[in-house]
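The chain contents come next:
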Amino acid sequence: MAWPRMSGPEDSPAQPDEFEQIARLYRPLTRGAPEALGLLDDAAVIPQRPGFDLVVTKDALVEGVHFPVGEALDLVARKLLRTNLSDLAAMGAAPYGYFLAVAWPSGTNLAARELFAEGLRFDGEAFDLSLLGGDTVSTSGPMVASLTLLGWVPQGRAVRRSGARPGDLVMVSGPIGDGWLGLKAVMGELGDPDGYLAERYRLPRPRLDLIEPLRDQASACADISDGLVADAGHIARASGVVLRLDLDRMPLSPAGAAWLARQPDRRQALITLATSGDDYELVLTAPPGASDRLGLSVIGMVEAGEGVQALIDGRPAPTGPGGWTHT
């Protein structure tokens, strides 16, 4: 990408210092939450909630790795919140509040920082989330933003990856492959006339609507960030079972189905969609009786064994590592 980094003529010695920026940009994001202590202390105070477990997740986004150089910073902030929310959704936890850390490239102007804070404000209100604390630093490298999100789940009822059992069905909560196709659209490598795919990449939709049904019905769950096959593999590994996936049964959006229809090698195209990340839908397992109650697409079965076995037209489909790896 040829976009410049975040700097400009607004940089000057008169730019507000760290504490002034905290007061101006971040204190409003607490929305008056008493736990944040007005961001005047070095830590927050989190009260206990009897009968609930506190669930904590953390994700980071790196400029040029997880989002393109030059991406609008309000969208970066919103994606940061949403990717963390997806982790909570997968465990059946309701979001509560978050901590933020940002490493700003040297020369980042105040307008860029304000835009980032505006994205946090917008989705903080949309998802009823308050900032509870954090830190900002400068760096000679690319921008890095990290968020730690807290959520509550009734005691002992978090949906974990280790609960899948032979005989369970494998389901997904929505279309697969849109995140990867959206990245191609953002990079100008794929037509996207209505902007649907680009939005799916930039603003994933965490499945918070499934929190209670998951707690009631699912035996295991993971969010699809690394790729369907890879994240199904996390469940298989934690549960000590094999997840057999029928890739012909993956739900696709109209845009995804149109892309698939244009590919000369349908088999390889299905593998590509199943091993691409950034969908932020959920892959889960549940007993057969839960299928109708959840109303989700069934794409496979849990069996005795280990790992993931992907099939297309009933034949094994080699998927390699299955998705994004963090090494």
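Please refer to the structure higher up on the page.
The following refers to the structure shown. Throughout, a residue's number is its position along its own chain's written sequence, starting from 1. Residues qualify for local features only when their pLDDT is at least 70, as the model is predicted, and side-chain atom pairs are given and counted only at 80 or more; totals for whole chains, interfaces and linings, by contrast, use all residues. Side-chain measures were taken over the full set of non-hydrogen atoms in the model, leaving aside hydrogen atoms and water.

### As for the side chain of Thr 285
As a reminder, the rule being used: Strands here are runs of E lasting at least two residues and helices are runs of H or I lasting at least four, both read from the DSSP assignment and numbered beginning at the N terminus. In the analysis that follows, any N or O atom pair within 3.5 Å is treated as a polar contact, provided that within protein one partner can donate a hydrogen and the other can accept it, and provided that, for residues neighboring in sequence, both atoms belong to side chains. Only heavy atoms matter for contacts: two residues are in contact if any of them lie within 4.5 Å across the pair.
Along the polypeptide, Thr 285 turns up in strand S8 (residues 282-286). A distance of 2.7 Å separates a polar atom in the side chain of Thr 285 from a polar atom in the side chain of Ser 219. If near-sequence neighbours (up to four positions away) are discounted, Thr 285 is found in contact with Ala 164, Asp 168, Leu 169, Val 170, Ala 218, Ser 219, Ala 220, Ile 235, Leu 243 and Val 302.

### Re the environment of Ala 60
Here Ala 60 shows up in strand S1 (residues 52-62). Sequence separation between Ala 60 and Leu 100 is 40 residues, and the spatial gap between their C-alpha atoms is 9.8 Å. Dropping the residues within four chain positions of it, Ala 60 is found in contact with His 66, Ala 145 and Ser 146.

### Quick word on unusual backbone geometry
Its identity is not glycine, yet Arg 31 carries a phi of approximately 50°, on the positive side. Along the chain, Arg 31 falls in the loop between helix H1 (18-26) and S1.

### Structural notes on the sheet that holds strand S10 (residues 307-312)
We count it as follows: The criterion for strand pairing is that DSSP finds at least two bridges linking the strands in question. Axis lines are fitted through C-alpha atoms, for helices just across the contact stretch, and the angle between N-to-C directions can take any value from 0 to 180 degrees.
Pairing is mixed across the open sheet formed by 7 strands, whose spatial order is S6-S8-S5-S9-S7-S10-S11. At either margin of the open sheet sits one strand with a lone partner, and together these are strand S6 (220-223) and strand S11 (315-316). Strands in contact with helix H2 (residues 73-90) are S6 and S8; relative to S6, the strand with the most contacts, it is inclined by about 175°. Its contacts with the sheet put helix H9 (residues 266-274) on S10 and S11, and the angle it makes with S10 is roughly 145°.

### Quick notes on a negative patch on the surface
Worth spelling out the cut-off: Like charges are joined within 9 Å and nonpolar side chains (Val, Leu, Ile, Met, Phe, Trp, Tyr) within 5 Å, but only among residues with over 30% relative accessible area and no salt bridge; these make up the patches. Note on areas: Shrake-Rupley, 1.4 Å probe, and residue coverage restricted to the protein chains presented here. A pairing counts as a salt bridge when a side-chain nitrogen of Lys or Arg comes within 4 Å of a carboxyl oxygen of Asp or Glu. None of His or the chain ends enter the tally, which takes Lys and Arg as positive and Asp and Glu as negative. Charge positions are represented by NZ for Lys, CZ for Arg, CG for Asp and CD for Glu. Type-normalised accessible area, obtained with a 1.4 Å probe on protein chains alone, sets the label of each residue: buried when under 20%, exposed when over 50%, and partly exposed for intermediate values.
Residues Asp 17, Glu 18, Glu 20, Asp 42 and Asp 135 make up a contiguous surface patch of negative charge. Mapped onto the elements, Asp 42 comes out in the loop between H1 and S1. By relative accessible area, Asp 42 is classed as exposed at 87%.

### Description of the nonpolar core
Most often, soluble globular proteins have nonpolar side chains that are buried together. Inclusion rule: Grouping buried Ala, Val, Leu, Ile, Met, Phe, Trp, Tyr and Cys residues that are joined through side-chain atoms within 4.5 Å yields what is termed a nonpolar core.
By size, the foremost hydrophobic cluster in this structure holds 38 residues, and its most contacted members are Tyr 26, Tyr 98, Leu 100, Phe 116, Leu 120 and Met 143. Listed by contribution, the elements that provide at least two residues to this core are H1, S1, H2, strand S2 (94-105), helix H3 (110-126), strand S3 (130-139) and strand S4 (144-154). Among the elements that take part in this core, H2 stands out by supplying 7 residues, more than any other. With 34 residues, the next largest nonpolar core counts Leu 181, Ala 220, Ile 271 and Ala 317 among its residues.

### Details of the packing of H1 against H3
Note the following rule: To sort the angles, those under 35 degrees are grouped as roughly parallel, those over 145 as roughly antiparallel, those from 65 to 115 as roughly perpendicular, and the leftovers as oblique. Take the far helix as your reference; a near helix turned counterclockwise from it by less than a right angle gives a left-handed crossing, and one turned clockwise gives a right-handed crossing. Think of it as three bins: nonpolar holds Ala, Val, Leu, Ile, Met, Phe, Trp, Tyr, Cys and Pro, charged holds Asp, Glu, Lys and Arg, and polar takes everything else, Gly as well.
At a minimum axis separation of 10 Å, H1 and H3 run at an interaxial angle of 40°. In terms of axis orientation, H1 runs oblique to H3. H3 is crossed by H1, and the crossing has right-handed handedness. The segment H1 lies against H3, with Gln 21, Arg 24 and Leu 25 engaging Leu 110, Arg 113, Glu 114 and Ala 117. Split by residue class, the contact of H1 with H3 holds 3 nonpolar, 1 polar and 3 charged.

### Points about the pairing of S6
Here S6 shows a buried face lined by Ala 220 and Ala 222 and a second buried face lined by Cys 221 and Asp 223. Of the pairings in the sheet, the one linking S6 to S8 comprises 4 bridges and is antiparallel in character. Each residue of the ladder has a partner; that of Ala 222, found in S8, is Val 283.

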